[in-house]
Amino acid sequence: MSIGTNIRNLREEKGFTQEKLAELVDVSFQAVSSWERDEYKPDIDKLLRLADIFDVSLSAIAEEKRKIFKTKETIYNWEHMKTYVKTTARNLQMSDTLSAVDFALEAHEGQKRKKSDIPYIYHPLNMACHAFSMGIKEDSVISAILLHDVVEDCNKTVEELPVCEDAKQIVRLVSHEKTNGSDRKKVMDAYYDAIAKNPKAALVKCIDRCNNLTTMSWGLSRERIYRMINETEMYYPKLLKAIKATLEYNDAAWLLQYQIESMLDIYKRLM
């Protein structure tokens, strides 16, 4: 697609008229029209302004794309993952995990992942399958993975979770209240320091971050992506260190570090 076509498609995605976009860029609507017809190309300062307005990279506007790749928001069917998790839990006699699956399904009912129609339960189920694939079979860890967002997002309390105290403590550590700009760093410093003292909580949080990194390209604004990258580089090395210090989690630590750092590098290069 041409630069003009990119501008038109991005404008329409935002629901802007040519007049509205012209107002935001501080040009005439005739200029916007000429860009979209590929009669003229925007100057670099206008391209930068357009990227900011559309919340995309400069290349998303400026590159004349000759090939369009098909993308997908999910890889696995969440109901299949539910069946796998429950079957594995039964075979391993993981009673807390079995209870946690049903509790999480009910708590997240009707919720969707950001900017999508994906049932929210896809996220914790995906994390549980991720943990199983790395050889993590601890009932408290898997059940905490399944419940890690119900306190923050579903108006549940830690005390009402149908799991052991070990799992409740993990959920308690990985849950935090929303913060404002002025106190965010102080709150996040304390939050991650507490998680780093509990290897199981660190493990859950790193698996959570892996899953969130894979979806942030379409689920978050560019500003939030920058913040996610910076936050990950700032706090996650200490969590990975806590995981590595636990012998039975060594393989998981290696995989998690590889996954997190690889995804960060890809995002940096594309942005």
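Look above for the structure.
Residues numbered from 1 in each chain as written. Predicted model: local features only at pLDDT ≥ 70, side-chain atom pairs only at ≥ 80, totals over all residues. Heavy atoms only, no water.

J.: I tried to follow the side chain of T97 on my own but got confused; where do I start?
T.: Tracing the sequence through the fold places T97 in helix α7 (residues 95–107). Residue classification places T97 among the buried positions, given a relative accessible area of 0%. Dropping the residues within four chain positions of it, T97 is found in contact with V85, A89, D139, I142, S143 and L146. (Helix = DSSP H or I, 4+ residues; strand = E, 2+ residues; numbered from the N terminus. Buried < 20%, exposed > 50% of the residue type's maximum accessible area, 1.4 Å probe, protein only. Contact = heavy atoms within 4.5 Å.)

J.: I'm lost on the nonpolar core in this one. Help?
T.: What tends to happen in soluble globular proteins is that the nonpolar side chains get buried as a cluster. Membership of the largest hydrophobic core comes to 66 residues, with the highest contact counts inside it found for I136, I142, I145, L147, L203 and L256. Sequence-distant contacts of L147, defined by excluding residues within four places in its chain, comprise A100, F103, A104, L161, P162, V163 and V171. If you look at the next biggest cluster of nonpolar residues, it comprises 16 residues, including L47, A51, F54 and A60. (Core = buried A, V, L, I, M, F, W, Y, C linked by side-chain atoms within 4.5 Å.)

J.: So what exactly am I meant to see when it comes to unusual backbone geometry here?
T.: Leave glycine aside and you will find that most residues have negative phi; peptide bonds, for their part, are mostly trans. In this structure, D55 takes a positive phi of about 60° despite not being glycine. A positive phi angle is found at N155, which is not glycine, with a value near 60°. Mapped onto the secondary structure, N155 falls in the loop between α10 (150–153) and α11 (165–174).

J.: What's the story with the packing of aromatic side chains in this structure? I'm lost.
T.: To describe a pair of aromatic rings, one takes the distance between the centres and the angle between the planes. Applying the stated rule across the entire model yields 5 aromatic pairs. Measuring from ring centre to ring centre gives 5.5 Å for Y192 and Y236, while their planes differ by 65°; the resulting arrangement is edge-to-face. In this pair, Y192 is assigned in helix α12 (residues 184–196) and Y236 in helix α14 (residues 222–244), connecting sequence segments 44 residues apart. Take Y236: its relative accessible area is 1%, and that puts it in the buried class. Grouping aromatic residues by their ring pairs yields a cluster made of Y191, Y192, Y235 and Y236. Taking the ring centre of Y120 as reference, the NZ or CZ of R113 above it sits at 5.4 Å. (Phe/Tyr/Trp six-rings, centres within 6.5 Å; stacked < 30°, edge-to-face > 60°. Lys NZ or Arg CZ within 6 Å of the ring centre and 35° of its normal.)

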